[in-house]
Amino acid sequence: MIPLAAPLGRLVLTAAASAGIVKAVSDGRGSAALRRVAVGSTKLGIRASRAAEVGVERTRLGAGDIVAQAYAELGETAPVRQAPAAGHDHQH
């Protein structure tokens, strides 16, 4: 479901922006209408991005719970992931 969300979101945003632009140009409202369409599309993109982030985090936490339970049922302690160090940890 998650891999489908990004392309579907782009399709919806593209369709909404295209429809808005065509309507604005045909009505002769010019750049103000185009700006409103751009702002509205950006708002939709931000909301979709936030929703996707929540879904990904929920999935990541669920997977972590499953791994921890599997280790517990084996009688082992689940390995603790180390947080990445601040800054760069690679060479440029």
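Before any of the text, the structure's been laid out above.
Model, not experiment: these values are computed from the prediction.

A.B. asks: Before we move on, could you go through the overall build of the chain and cite the residues and values that matter?
C.D. replies: Per the secondary structure count, the chain includes two helices and zero strands. About 7,800 Å² of surface is accessible on the chain, with carbon and sulfur atoms providing 64% of the total.

A.B. asks: Could you give an account of the environment of Ala 15, with specific residues and numbers?
C.D. replies: Along the chain, Ala 15 falls in helix α1 (residues 2–27). Since its relative accessible area comes to 45%, Ala 15 is described here as partly exposed.

A.B. asks: Just give me the short version of the pattern of salt bridges, but keep the residues and values in it.
C.D. replies: Within the structure shown, the criterion is met by one salt bridge. In this structure, the salt-bridge partner of Glu 57 is Arg 60, at a minimum N-O distance of 2.6 Å. Taken as a pair, Glu 57 and Arg 60 lie in helix α2 (residues 31–73) at a separation of three residues, close to a single helical turn.

A.B. asks: Any details on the environment of Leu 34? Residues and values, ideally.
C.D. replies: Here Leu 34 shows up in helix α2. Residue classification places Leu 34 among the partly exposed positions, given a relative accessible area of 35%.

A.B. asks: How would you explain α2 if you had to name every residue and give the values?
C.D. replies: The end-to-end C-alpha separation of α2 is 63 Å, in line with the 63 Å expected for 43 residues at 1.5 Å each. Here α2 has its buried residues at Ala 33, Val 37, Ser 41 and Gly 55. Two residues or fewer past α2, Gly 75 is found with a positive phi of approximately 80°.

Each value, and the rule that gives it
Residues numbered from 1 in each chain as written. Predicted model: local features only at pLDDT ≥ 70, side-chain atom pairs only at ≥ 80, totals over all residues. Heavy atoms only, no water. Helix = DSSP H or I, 4+ residues; strand = E, 2+ residues; numbered from the N terminus. Areas by Shrake-Rupley, 256 points an atom, 1.4 Å probe, with all protein chains shown as cover. Buried < 20%, exposed > 50% of the residue type's maximum accessible area, 1.4 Å probe, protein only. Salt bridge = Lys/Arg side-chain N within 4 Å of Asp/Glu carboxyl O. Expected span 1.5 Å × (residues − 1).

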